[in-house]
Amino acid sequence: MFRDKPRPIIQVRDLVAGFGENIILKNVSFDVWPGEIFIILGSSGCGKSTLLKHLIGLKEPMDGKVSINGIDISEGSDEKLQTVLRQCGVLFQGGALFSSMTLAENIALPLREYSGLPEENIDYLVKMKLNLVQLSGFENHMPAELSGGMQKRAGLARAMALNPKILFCDEPSAGLDPITSAEMDRLFLDINHNLGTTMVIVSHELSSIFNIADRVLMLDKHIKGVVAEGNPFQLRDHSLNAYVQRFFSRKPGAAH
Amino acid sequence: MAALVLFIFCSRDFLPPEIEPGIFMTAESAFNITDKGEGEVVIAFSGAINTNNAAEFVGAINKELQRLRPKLVTLDLERLEELDDFGVSTLAGIKKTVNSFRGIFKLSNIPPPVQKILTAYNFDKLTAPPTALRPSPDIFIKLGATSIDYAGKLAFAVGFLGESIFSFGRFIRKPRILRFGDTVYNMRRVGVDGLPIVALISFLLGLIMAFMSSVQLKQFGANIYVASLVSLSMTRELGPIMTAIIVSGRSASAFAAEIGSMKISNEIDALFTMGINPHQFLVLPRVIATFLMVPLLVLFSDIFAIAGGLVVGITMLGLTVDSYLTQTMSTLTLFDVFWGFFKSAVFALFLSWIGCLRGFQVKEGADDVGRATTSAVVSSIFMIILLDSIMVVILRYY
């Protein structure tokens, strides 16, 4: 829907990330375009989740720039970051629901903080959000009473509460059975299709990648950066990079 | 026809100034309220009702509706182009407000795309009056549930006590089951790390006691008895109690929080499945470490309190170091000092055990860990005071 606009919604330039002396990622540059589903993938420990933390401003980069919708969030300005984050939703790995609140309260929290709507409208919205993730009727359940998949779906409903323009997800299918995982994929596609939400998803689930990704960014821990970027089918069929081929064909192999 | 026209434009106001008009922009949207008289109101929407403008629309429309209190409200959606869930909630909110005046709510001229969205979000079901709510449980049911809950907790505590006694028995028979490294580590945490605060508080307590009593004793020229008062009350009562209270605040709470978070991250289950007795692994080292360290802390507490009294004695009462210490020595018996140690060892046993118990009682969630921590401190302090009272009575009569 926004494909023809020339401006990327997320722009990363020469990002260097790490802890202290230990550099995990260097020279990472890529763009995410409005409305696309962009998957960051790679083997365990290659810095996927670290990269995601940089994109949502949880970590400051050692060097380089991250801009969201034209605003540079890597400068360390809290005000700018807050402005940007209000247009973003984040789904954490375990759902990160607040355990002391019911599902309805969890979802109502960002709505109460930011929407400015009266309580009855928030009630309706909570119902619609739960309906969106097929959890109608679970309003008054506590997070601990739900299964892992349901907690993730509820986390997704909370992340989508303010209809963000960008949704970040950290391994949404981790720990889920194939059917639940496919349901999550279906939800992502629906949300992307109906609301035009741009999605940045960290994953290494091959089936999800082929089902939902418009483009992927592949990281490798040996070169500490990007090995490939593009459409997953094209990468699988045409990439000459040995690591990329091994990844898509699920073959073990020695390091580079 | 009295017509009231309200026009609100919502365009780029919601965009932060740094953002150039781009994909976050909304179409120009408006609504228009017309009062047709005889309690009939028509609200015509155009453009979009979405995340960006819903709050503003709801605020303005509700205000007008409250003022007019119409009998019939028709929403004209003919020129509505965009609607999202915030928009649907706006319409639902209007319906609810109108219904609250016993008015009639109607949607008219719904364009097919909007109808599709309303259907997708189950507009009719959303605004249907809620089905009969489950009645809140009877007071007797509540009382029963609470009693059962407490009985369960008590049973758990009794089981835990039994488990502790068994673990201790196993330790006596086979001392090497104790995890020595962990015990030493806990001794450091309870003892060495707790020493500065225990010393400081005891010193100040000695100082305060000497100061307060000197005001009275001075009147009778009994300055020298300040030394007796400070040393006796600190070694027999206040030293053990204060030290135990500080240790519950520092360590019992830490035990509860540690074990509680291990419980919610399945670490206790992991120990169990590996065939390791969680009790032996976690409780025994902590209880033994606390049991060994608290009497030592009490020794320091006694010394520092006497030093605090000494400072007041020298600076304010004109006593010499020698006379103060001689008076202290002549008042105290070895029994007093060891009685203090014994009491503190009993306190230590209970407070560390309660800390661990509260940790094991955690079921799920971060707030449960918080509750366990608070409860560990409160119940161990209560236990300390209770035990002290019992011991005072025992000593008095036997």
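In this convention, every chain numbers its residues from 1, walking through the sequence in written order. In the order they appear in the text, chains get letters beginning with A and ligands get numbers beginning with 1. The predicted origin of the model limits local features to residues at a pLDDT of at least 70 and limits the giving and counting of side-chain atom pairs to 80 or more, whereas totals for whole chains, interfaces and linings rest on all residues. In computing side-chain values, all of the structure's heavy atoms are included and hydrogens and water are not.

**Some remarks on empty space enclosed by the protein**
All names here are of chain A. What counts, and what does not: Grid spacing is 1 Å over the protein atoms alone, the probe is 1.4 Å, and a cavity is where that probe fits but cannot get out, while a pocket is an open set with protein on both sides within 12 Å along at least five of seven lines and lining residues have an atom within 4 Å of a point. Grid points are joined across faces, edges and corners, and a volume is the space filled by probe spheres set on the points. Runs of E in the DSSP output that reach at least two residues are strands. Runs of H or I that reach at least four are helices, and both are numbered from the N terminus. By the convention adopted, Pro, Cys, Tyr, Trp, Phe, Met, Ile, Leu, Val and Ala count as nonpolar, Lys, Arg, Asp and Glu as charged, and the other residues, Gly among them, as polar.
Per the stated rule, a full pass over the model turns up one cavity of 30 Å³ or more. Empty space within the largest cavity amounts to approximately 40 Å³. For the lining of the largest cavity, the secondary-structure elements that each account for two or more residues are α6 (178–195) and α7 (206–212). When the residues that make up the lining of the largest cavity are grouped by side-chain class, the tally is four nonpolar, three polar and one charged.

**Some words on the sheet that holds strand β1 (residues 30–37) of chain B**
Residues and elements named next belong to chain B. The condition that has to hold: In this scheme, strands are said to pair when DSSP sees at least two bridges between them. Only the stretch in contact is used when fitting a helix axis, every axis being a line fitted to C-alpha atoms; angles between N-to-C directions are given from 0 to 180 degrees. Throughout, a contact is declared for two residues whenever any of their heavy atoms are within 4.5 Å.
Strand order in the open sheet made by the four strands is β1-β2-β3-β4, with mixed pairing throughout. With partners counted over all chains shown, the strands left at the sheet margins are β1 and β4 (104–108), one partner each. Going from strand to strand, the sheet's axes swing by 20° on average, the running direction of each strand aside. Against the sheet, helix α2 (residues 85–100) contacts β2 (40–49), β3 (72–83) and β4, and its axis sits at roughly 180° relative to β3. In the packing of helix α3 (residues 112–120) onto the sheet, contacts are made with β3 and β4, and the angle to β3 comes to roughly 105°.

**A look at the pairing of strand β7 (residues 166–170) of chain A**
Residue and element names in this part refer to chain A. Convention followed: Classification of residues uses two cut-offs on accessible area relative to the type maximum, computed with a 1.4 Å probe and protein chains only: under 20% is buried, over 50% is exposed, and between them is partly exposed. Note on handedness: a clockwise path from strand one over the helix to strand two, with the strands aimed away from the viewer, defines a right-handed crossover.
By the criterion of burial, β7 is predominantly enclosed, with five of the five residues buried. Two strands pair when backbone bridges link them, and strand β6 (residues 88–91) and β7 are joined in this way by four bridges, in the parallel orientation. Bridge pairing in β7 places L91 opposite C169. The pairing of β7 with strand β8 (residues 198–202) spans five bridges and is classified as parallel. Along β8, the bridge assignment pairs L167 with M199. For the crossover that starts at β7, traverses α6 and ends in the parallel β8, the hand is right-handed.

**Remarks on the packing of aromatic side chains**
All names here are of chain A. Applied cut-off: Note on ring pairs: Phe, Tyr and Trp rings are taken, using the six-membered ring of Trp, and paired if centres are within 6.5 Å. Classes follow the plane angle, with under 30 degrees stacked, over 60 edge-to-face and the rest tilted.
Scanning the entire structure with this criterion turns up 16 aromatic pairs over all chains. Where F210 meets F248, the ring centres are 5.4 Å apart and the plane angle is 45°; that geometry is what we call tilted. Residue F210 is located in helix α7, and its partner F248 is located in helix α9 (residues 242–249); the two are separated by 38 residues in the primary sequence. The pair formed by F210 and F248 is uniform in burial state, with each residue classed as buried. Put simply, the rings of F210, F233, Y243, F247 and F248 pair up and form one aromatic cluster.

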